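Topology and contacts: notes
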Amino acid sequence: MTIDVEWRDYDVVVVGSGGAGSAAADAAAAEGARVLVVSKDPIACSDTKISEGNATVRGSVSDADTERALSDNLRVSGADLPLPALTDAYARDSRPAYDWYRTHGLRPKINPTRQGPFARPLAKGGHTVARSVGHKNAGVAFSHAAWDAVIDSARIDYLEDAWFLDLAVAGAEDGAAGRVVGGLVYHAAAGTLVAVRAPAVVMASGGLNTLYFPKTDTMRGNTGDGYAAAARAGADLVDMEQVQFLPFCLTAPASYEGLLVGEPSTASFLGVLRDRHGTVILDGVYLRTRAECSAAIMRAVADGRGTDGGGAYLDLTANARLPRSGKGFMRYLETSMPSAYRTARQALSKPAVRCEEPWEVRPAAHYTMGGIRVDATGASAGGPGDGTAAAGLAGLFAAGQAMGGVFGANRLGSTALTENAVFGLRAGRAAAGHARTGPRPAGDEAFRPLIAAAVARFGYGGDQAPAHLKLELQRAAWDCIGPARTADSLDRMDAVIDDLAARAGRAAIPDYGLWNQAFIEWAELRNLLDVARAVTAAARERDASVGGHVRLDRPQVSILAQPYSTVVRGRAGNGGVLRFHAVRAHRPRTPAGRLLVMRLKDAWRKAQAKALCLLPPGLLDPILDRRYRAILGPADAAPAVSPGGPRAAVADAAD
């Protein structure tokens, strides 16, 4: 068939309409650019909307919370993989970025003493100081601000129900990186292809967690579109092996599979993880990182000791059993992560909710910490070391989960919503500046092969169903490049990808343009296959365990080892299949003395936790009762813990 092709001209195209995309569009429009926002879902329906609604605002509790303190916190927590230029930018802009949400309708509770947003009193999710601001309506409040920013500007047009297929690139001959001249979009609601001429494109299209569906708690639209389109156009990706898995998500019932029911801190002082035989596989859970908990579960599964649902048992019964402190624990459980506990109450049996039975849990993909390699303005970067925009793909920018380099191997709690605005605004301004000063797209030659390839898909009489192939890929991705990996599993993943890519080429797609679901499934499958290759290539280059990347067959990275990021670059091979080549980009290391002090403190805390568990109940009960009373305070409610990093721990609150 011949599907209609509509041509449009803009200065900046923004792919994605969550917090990062809306900020980018607003900033570009404010610079005088004419902007098109392309979104698969309705405007602002993104991970921002379903988030817990906590944002990092530096200095919201103390003036001593300096830019240096926040930047260092991000870098050390990320195992020194984050780029200093990006963490510095984050720390510098966190307050004005938060104010951007407020100008579009976000209404925090105000602390009259400090004349600013009321931050939660305790340091959350691995932060060294308290700086997390919560909101009554959670992520919905942020998504309303994002929606307001897009629809309120006369300089911003938007396409909903629209899939961004590929970047159009010119001048990429003879090894040159080339420059963006626009992109091709499938507008399902209109049943047309839209060829958009534009000198700048901002990727703000979210992460890749649908690669692990249904073992994810994020939006289904996270099919890695931005990474895949950028890589196919010649841009570098960084740290793609770093996917953040939440350890305690449900395995059943089916409608609740993948949903969060707790953080390590949920385990409280006596909670442990057990395998299917009841043997303890991890104690001191409340002091562990997400990666440690996920790895313990997946090691048990790999050894044949996993539960029927492919997970382990989070056993909280000891906390609830003690006569005095048990009541405090239950109150703590109900109030510290109320949304997670509500999910547990809806999904689990009454004895389990009363903590008389263990909970069956399994890790789930939550956040992509790698992404498109950029500089501090959000511009595509390339070349050795930290990379430069001059060696990147000119005209390509990225923000939010689509970009990499700011979180490295671990993301602190409450940082994502701030990151959206920090780098969305930066990328939008930079994209507008590039459109204003750079060369305008000349000719439509770069679009011709993209349009021809897309048109050829409609009415293709193949023998494969893309939706079924996607399910096969998701099952393999969980097994081979999920929360635990080995050299063998990476090899198996490559074989699965090769097979599925060949079969995807024979995908049957009907010959109509309007809401062609098979074409949509094929387009997303193609992106998922490409990002799976990128994750596999990066995971092979990262030949030890660090942060969200756990290798069952390799040791933990030494604290004295030279930190490095993985950089993967795609190259079209036979049949147009994208192959990735991975290299290392060295990063500066935190001084060994500081790292050693951190490790010693961690070991001391875990030793204290073990000693506590050895006390007889008669001594243990009053000690824990006092701790819970301190946590709950006069309000009889624990300070809410947001899904965050390894230090969202009840022991910190007790201190």
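Just so it is clear, the structure is predicted and the values come from calculations on it, not from any experiment.

Conventions we followed
- Residues numbered from 1 in each chain as written.
- Predicted model: local features only at pLDDT ≥ 70, side-chain atom pairs only at ≥ 80, totals over all residues.
- Heavy atoms only, no water.
- Pairing = 2+ DSSP bridges.
- Helix = DSSP H or I, 4+ residues; strand = E, 2+ residues; numbered from the N terminus.
- Axes fitted to C-alpha atoms, helices over the stretch in contact; angles between N-to-C directions.
- Contact = heavy atoms within 4.5 Å.
- Expected span 1.5 Å × (residues − 1).
- Buried < 20%, exposed > 50% of the residue type's maximum accessible area, 1.4 Å probe, protein only.
- Core = buried A, V, L, I, M, F, W, Y, C linked by side-chain atoms within 4.5 Å.
- pLDDT = per-residue confidence, 0-100.
- Phe/Tyr/Trp six-rings, centres within 6.5 Å; stacked < 30°, edge-to-face > 60°.

1. Structural notes on the sheet that holds strand 10 (residues 179–187)
- Within the open sheet, the four strands sit side by side as 1-11-10-9. Their pairing is mixed. The open sheet has two free edges, formed respectively by strand 1 (5–9) and strand 9 (162–170), since each of these has just one partner strand. Each strand of the sheet is rotated relative to its neighbour by a mean of 25 degrees, with strand direction disregarded.
- Seen against the sheet, helix 15 (residues 517–541) touches strand 9 and strand 10 and runs at an angle of roughly 50 degrees to strand 9.

2. Brief notes about the pairing of strand 18 (residues 312–315)
- Strand direction decides the pairing type here: strand 16 (residues 272–274) and strand 18, joined by three bridges, are antiparallel. Residue pairing across strands places Arg274 opposite Tyr313, the latter belonging to strand 18.
- Sheet analysis places strand 18 next to strand 19 (residues 359–368), joined by three bridges and oriented antiparallel. Paired with Ala312 across the strands is Val361, a residue of strand 19.

3. Focus: helix 1 (residues 19–30)
- With 12 residues, helix 1 ought to run about 16 Å at 1.5 Å a step, and its terminal C-alpha atoms sit 16 Å apart, in line with that.
- In terms of burial, helix 1 is largely enclosed, as 11 of its 12 residues are buried.
- Among all positions of helix 1, only Gly19, Ala20, Gly21, Ser22, Ala23, Ala24, Ala25, Asp26, Ala27, Ala28 and Ala29 are buried.
- Backbone geometry just after helix 1 places Gly32 at a positive phi near 95 degrees.

4. Points about the nonpolar core
- By size, the foremost hydrophobic cluster in this structure holds 166 residues, and its most contacted members are Val12, Val35, Met203, Tyr212, Leu273 and Trp359.
- Apart from residues lying up to four places away in sequence, Val12 is in contact with Ala28, Ala33, Arg34, Val35, Leu36, Ala198, Ala200, Val202, Ala431, Ala432 and Ala435.
- The next biggest cluster of nonpolar side chains, apart from the first, holds 24 residues, and it includes Ala168, Leu184, Ala188 and Phe458.

5. Structural notes on the confidence of the model for the protein
- Averaged over all residues, the pLDDT of the protein equals 92, while 97% of them reach at least 70.
- Predicted confidence is poor over residues 644–655, with pLDDT under 50, and the contacts of this stretch with residues over four places away or in other chains come to 38 contacts.

6. Looking at the packing of aromatic side chains
- Scanning the entire structure with this criterion turns up 18 aromatic pairs.
- For the ring pair Trp100 and Tyr101, a centre distance of 5.2 Å and an interplane angle of 65 degrees mean the geometry is edge-to-face.
- Looking at Tyr101, the relative accessible area reads 1%, which means it is buried.
- Where Phe269 meets Tyr286, the ring centres are 5.4 Å apart and the plane angle is 75 degrees; that geometry is what we call edge-to-face. With Phe269 in the loop between strand 15 (260–262) and strand 16 and Tyr286 in the loop between strand 17 (280–282) and helix 6 (290–302), this pair connects stretches of sequence that are 17 residues apart.
- Using a relative accessible area of 2% as the deciding quantity, one classes Phe269 as buried.
- Each residue in the set Phe269, Tyr286, Phe329, Tyr332 and Tyr628 is aromatic and connected to the rest through ring pairs, giving one cluster.

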